[in-house]
Amino acid sequence: MKTDDLLKESPHLAPWRPKIGIAPRLSDAELVTLAVMQALLGFTSERRWIRHANAHLRHLFPYLLGQSGYNRRLRKAADLIARVNRLLATDTPLWTDSVWVVDSTPVECGRSRETAKRSDLAGWAEYGYCASHSRFFRGLRLHLVCTLHGLPVAFALTGAKADERETLLGMLHAEPGLALSRPGQTLIGDRQYYGRAFEHELAEWGVRLLRPARKGEPLRAGAEVFKPLRQTIESVNQTFKAQLDLERHHGRTPGGVMVRVLQRVLALTSAIWHNHHTGQPVMRSLTGYDH
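Residues numbered from 1 in each chain as written. Predicted model: local features only at pLDDT ≥ 70, side-chain atom pairs only at ≥ 80, totals over all residues. Heavy atoms only, no water.

*Asks:* Looking at this structure, how should I read the overall build of the protein chain?
*Replies:* Helix and strand counts for the protein chain come out as 11 helices and 6 strands. Relative to its 291 residues, the protein chain shows a buried fraction of 49%. Of all intrachain contacts in the protein chain linking residues separated by at least 6 positions in sequence, the fraction that spans at least 24 positions is 65%. (Helix = DSSP H or I, 4+ residues; strand = E, 2+ residues; numbered from the N terminus. Buried < 20%, exposed > 50% of the residue type's maximum accessible area, 1.4 Å probe, protein only. Contact = heavy atoms within 4.5 Å.)

*Asks:* Could you clarify how one ought to interpret the confidence of the model for the protein chain in this entry?
*Replies:* Parts of the prediction with low pLDDT should not have their coordinates interpreted in detail. When the pLDDT values of the protein chain are averaged, the result is 84; 85% of them are 70 or greater. Per-element mean pLDDT across the protein chain ranges from 55 in helix H6 (residues 113–118) up to 96 in helix H7 (residues 164–174). (pLDDT = per-residue confidence, 0-100.)

*Asks:* Can you walk me through the pairing of strand S5 (residues 185–188) in this structure?
*Replies:* Consecutive residues of a regular strand have side chains that alternate between opposite faces of the sheet. Covered by surrounding structure in S5 are Gln185 and Leu187 together with Thr186 and Ile188, the residues of both alternating faces. Bridge analysis of strand S1 (residues 99–108) against S5 gives 3 bridges, and the strand direction is parallel. The residue of S5 that forms the bridge with Trp100 is Leu187. Strand direction decides the pairing type here: S5 and strand S6 (residues 207–210), joined by 4 bridges, are parallel. Each bridged residue has a counterpart across the sheet, and for Thr186 the counterpart in S6 is Arg208. (Pairing = 2+ DSSP bridges.)

*Asks:* For this particular structure, what's the right way to read H7?
*Replies:* Each full turn of the α-helix corresponds to 3.6 residues, which orients residues three or four apart in the same direction. Those residues of H7 not exposed but buried are Glu164, Thr167, Leu168, Leu169, Met171 and Leu172. A distance of 2.8 Å separates the backbone nitrogen of Arg165 from a side-chain oxygen at the start of H7, and that oxygen is part of Asp163. (Polar contact = N/O pair within 3.5 Å; in protein donor to acceptor, adjacent residues only side chain to side chain.)

*Asks:* So what exactly am I meant to see when it comes to the pattern of salt bridges here?
*Replies:* Where charged atoms from two side chains of opposite charge approach closely, those side chains can pair. Following the criterion strictly, the structure yields 9 salt bridges and no others. A salt bridge links Arg248 to Asp245; the shortest N-O distance between them is 3.5 Å. Overall, Arg248 belongs to the partly exposed group, its relative accessible area being 46%. Look at the salt bridges and you will find they share partners, linking Glu199, Arg211, Glu217 and Arg220 into a network. (Salt bridge = Lys/Arg side-chain N within 4 Å of Asp/Glu carboxyl O.)

As structure tokens, this is what we get:
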């Protein structure tokens, strides 16, 4: 088990626990594996997932937590899930791709007005507009930078109205080595990633931006290859929504939503990592992936 090996090599990645006490019967590696399997097998309800695991996966997991225990352990493991995701991503040759694509997609967090009033997400989740689906929604946005093969490189969760350009620059500032170690990196975005100052700052990071021309602008370089390459991020977003049930996360607190999004990002990364290490074709969609 790759996760188990990673934790043995780097025990500091696991959530902190006092040295004196009862060791958990379900290991951190088993917890992360269960979380990935839940996302890949399409179980949006943790109660149904634990019931399914008890009935069919006992030979793999001799001890299983109840629904509340699983939920509690999962929320505490958010940092671990993010670190395992990065370790798996860097363990593929796709990590060094010289072309990235960037976009954001809605993460809906309830539709009714009463839900909005009572939600613990108030102050973070907000009302926004999704141009690609021509609809308003209440919730967050997942901002994603990935390679042309769909491997997640960087991501962030923000309110629905957050500026996509500021969020992208924030991701680069949060991890400077990501761009500075790749001089000449090409980034493909849509029309929302515009502005002379924005492009100038990207250039200072060594990143060259390709995007379609906005109304009134002259034709930009790379226009002839833009559309087919942009399909990558659309395919990744569709995978998150249709196959990994991104908008059916059922998170009701900031920590709950965060770990459920991380769970789905890790599921996608794991599928790509698995395909690479087993010699299977790399797919942007999980269709045909052998669970």
